Amino acid sequence: MKTMIPIIAALAMLSGCALPPNKSQLVTLSSTLQAAPEKGFVYETDTLRLSYQFFSEGGTVHFSIENKLARPLYIDWKRSSFIIGQKKLDYWYDASSINLTGTAYTSGYGRYLRTSSSTSVSLTGSVNKENAVDFIPPGTKIEKDQFVLVPGSALILPGQYLTEKVASTDLSRRKPVDVQTYQYTVDTSPLQFRNYLTLSTDKDFRSEFVLDNKFWASGVKVMPFQQLTGGSFYDYEFKNNNLSTLKSFPYFRSDAFFIHYSPNSYSSAGTLDPAPR
């Protein structure tokens, strides 16, 4: 059986197929907001309740704004931004998306006659454009999940780490598992981001106010893939961040997110976890 593993890996490389991920990073976030592992981060006043949850692959920034007033609340997406490091990403662009469907009809002449053809196309569709300003009625909420914190490879992890042996969450494995733990302050963190939102209690924004929420990675645990998932395999439900599936993870917490990766896939990009010091 041992001789089969290199063969399978070589065949996968030759065929251009990527091997399933075998390592995971569990990234715990801190913020200037109140946090609870089961609920995420919350900012609440008499006007609104703003909630953040991150537990997903790559860290989808999912937040909701609940209007607690007896009158409408407005959010201006033109003057709101997601900021990762020092890079500003806009929530709203003055652009439309077009969805078209159609059928093409072609006629032609061949064999003994000179070939010619004509084509007619019938198209139907719709033009969609995001609202520049959203209206939140009393007692309702809106949700947003437009950005992902780490859309590509694993985080580069500077600094030293501690290794501890923990009980395996994979029932098929009896031996303890090595987990490396990194700790960071807001100044040393490899990941920092902000969510900057402009809101108002009137549609003309005469009473506007700004919420500027700051977050950073304060801890990272590096472990085998199946330690994070409890022995489950990488499948469609994981890749599409099915919430009920994610909540079954033994390391589930709303103030964290995870990254699955294969170290060999990223060695040339310099995104591997550094060696212990």
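Residues numbered from 1 in each chain as written. Predicted model: local features only at pLDDT ≥ 70, side-chain atom pairs only at ≥ 80, totals over all residues. Heavy atoms only, no water.

Structurally, the position occupied by S189 is in the loop between strand 13 (177–183) and strand 14 (192–200). S189 sits in the buried class, given a relative accessible area of 10%. A polar contact of 2.7 Å, which involves the side chain of S189, links it to the backbone oxygen of A217. (Helix = DSSP H or I, 4+ residues; strand = E, 2+ residues; numbered from the N terminus. Buried < 20%, exposed > 50% of the residue type's maximum accessible area, 1.4 Å probe, protein only. Polar contact = N/O pair within 3.5 Å; in protein donor to acceptor, adjacent residues only side chain to side chain.)

Among the nonpolar cores identified, the biggest contains 41 residues, and L29, Y52, F54, F63, I65, L149 and L197 are the most heavily contacted of them. If you list the elements that add at least two residues to this core, you get strand 1 (23–31), strand 4 (48–53), strand 5 (62–67), strand 6 (73–84), strand 14, strand 15 (209–224) and strand 16 (256–261). Top element by residues in this core is strand 15. It accounts for five residues. In this structure Y52 touches L33, K39, G40, F41, H62, F63, N195, L197, N213 and F215, once residues within four positions along its chain are discounted. (Core = buried A, V, L, I, M, F, W, Y, C linked by side-chain atoms within 4.5 Å. Contact = heavy atoms within 4.5 Å.)

Turning our attention to the pairing of strand 14. Walk down a regular strand and you will see the side chains alternate between the two sheet faces. The pairing of strand 6 with strand 14 spans seven bridges and is antiparallel. Residue pairing in the sheet places F82 in a bridge with N195 of strand 14. In terms of strand pairing, strand 14 meets strand 15 through eight bridges, oriented antiparallel. When the bridges of strand 15 are listed, R194 appears paired with K214. (Pairing = 2+ DSSP bridges.)

As defined by bridge partners, strand 3 (residues 40–44) adjoins strand 4 across four bridges and the pair is classed as antiparallel. The residue bridging Y43 from the neighbouring strand is L50, located in strand 4. Hairpin remark: strand 3 followed by strand 4, antiparallel, with three residues in the connecting loop. When strand 4 meets strand 5, the two strands line up antiparallel, connected through six bridges. Residue pairing across strands places R49 opposite E66, the latter belonging to strand 5.

Nothing here speaks to function; it is geometry throughout.
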